[in-house]
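Read off the chains here:
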Amino acid sequence: MDESKRAVIEAQCLQAVENLRKNNMEACYLPSAAEVPAQVERWLHEGDTVAVGGSVTLQETGILERLRSGPYRFLDRYAPGLSAEQVRRIFIESFDADAYLCSANAVTLGGELYNVDGNSNRIAALCYGPRSVIVVAGFNKLVPDIGAAVRRVKTVAAPANSNRLNCQTPCAATGVCSGWQREDMTDGCRGDARICCNYLVSARQREQGRIKVLLVGEALGY
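Scope of this entry: the structure provided in the associated data block. (Residues numbered from 1 in each chain as written. Predicted model: local features only at pLDDT ≥ 70, side-chain atom pairs only at ≥ 80, totals over all residues. Heavy atoms only, no water.)

1. Observations concerning the side chain of Thr-61
- If you trace the backbone, Thr-61 turns up in the loop between helix H3 (56-60) and helix H4 (63-69).
- Those residues in contact with Thr-61 that sit more than four places away from it in its chain are Ala-33, Val-36, Pro-37 and Leu-220. (Helix = DSSP H or I, 4+ residues; strand = E, 2+ residues; numbered from the N terminus. Contact = heavy atoms within 4.5 Å.)

2. Observations regarding the pattern of salt bridges
- Taken as a whole and assessed by the stated rule, the structure comprises eight salt bridges.
- Notably, a salt bridge pairs Arg-68 with Glu-65, separated by 2.6 Å at the nearest N-O pair. Here Glu-65 and Arg-68 lie together in helix H4, a separation of three residues that amounts to about one turn.
- For Arg-68, a relative accessible area of 36% translates into the label partly exposed.
- A salt bridge links Arg-88 to Glu-85; its shortest N-O distance comes to 3.8 Å. With Arg-88 and Glu-85 both in helix H5 (residues 84-94) and three residues apart, this pair spans about one turn of that helix.
- A residue is classified by how much of its surface remains accessible, and Glu-85, at 45% relative accessible area, is partly exposed.
- Via salt bridges that share partners, Glu-65, Arg-68 and Asp-76 belong to a single interconnected network. (Salt bridge = Lys/Arg side-chain N within 4 Å of Asp/Glu carboxyl O. Buried < 20%, exposed > 50% of the residue type's maximum accessible area, 1.4 Å probe, protein only.)

3. A short note on the nonpolar core
- By size, the foremost hydrophobic cluster in this structure holds 29 residues, and its most contacted members are Leu-20, Val-107, Leu-113, Val-135, Ile-211, Val-213 and Leu-215.
- If you list the elements that add at least two residues to this core, you get helix H1 (3-22), strand S1 (26-30), strand S4 (99-102), helix H6 (121-127), strand S7 (132-138) and strand S10 (211-216).
- Among the elements that make up this core, the one with the highest residue count is H1 (five residues).
- Setting aside residues up to four positions removed in sequence, Leu-20 forms contacts with Met-25, Ala-27, Val-107, Gly-111, Glu-112, Leu-113, Val-213 and Leu-215.
- Core analysis: the next-biggest nonpolar cluster, separate from the first, contains 22 residues, Leu-44, Ile-134, Leu-214 and Leu-220 among them. (Core = buried A, V, L, I, M, F, W, Y, C linked by side-chain atoms within 4.5 Å.)

Set out below in structure tokens:
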């Protein structure tokens, strides 16, 4: 990567890190994805029960394999042969996990997290339950404000995730949400396959350090 571009990315990530800390979240910046698993493991303890939300970022950084091979009780939602009911039970058990790992749809420079879910097990765990929540996000998730976060989901994250999950939605076919030109956060399609059902903005937290955000100087996930 060009050094001038890298300098801009690092400056923006550090600005977001500073504001996340002001919002009572623990936050740090790492230049490369290769450093992510080691940092995540510094936030975990031997014997911890660990769960994850659906995330391309966790796959790309090798975190899932570390959890499978590490000294943890991993509630592996991706384990082969699980029935729909077994996956649901993992989601429920995840609320009592020692640590819950996921990514974010967007991180604002002002120190907020923005997430939109269909099943909503991820945003539910972000709000309450797991003792520690670790959010890993590439610099591509950084946006100036919540308005930009809404647009990012409608034009990037939702279409890509709809394709990944084989959801028959307008955004999967056209590449943008049907409501992307309107200002309302919840504007969109009305089909049963819609993945944008519940919306969460995480701002200043009551419990200091429960949410931990790791910003990475590489593009990761959607």
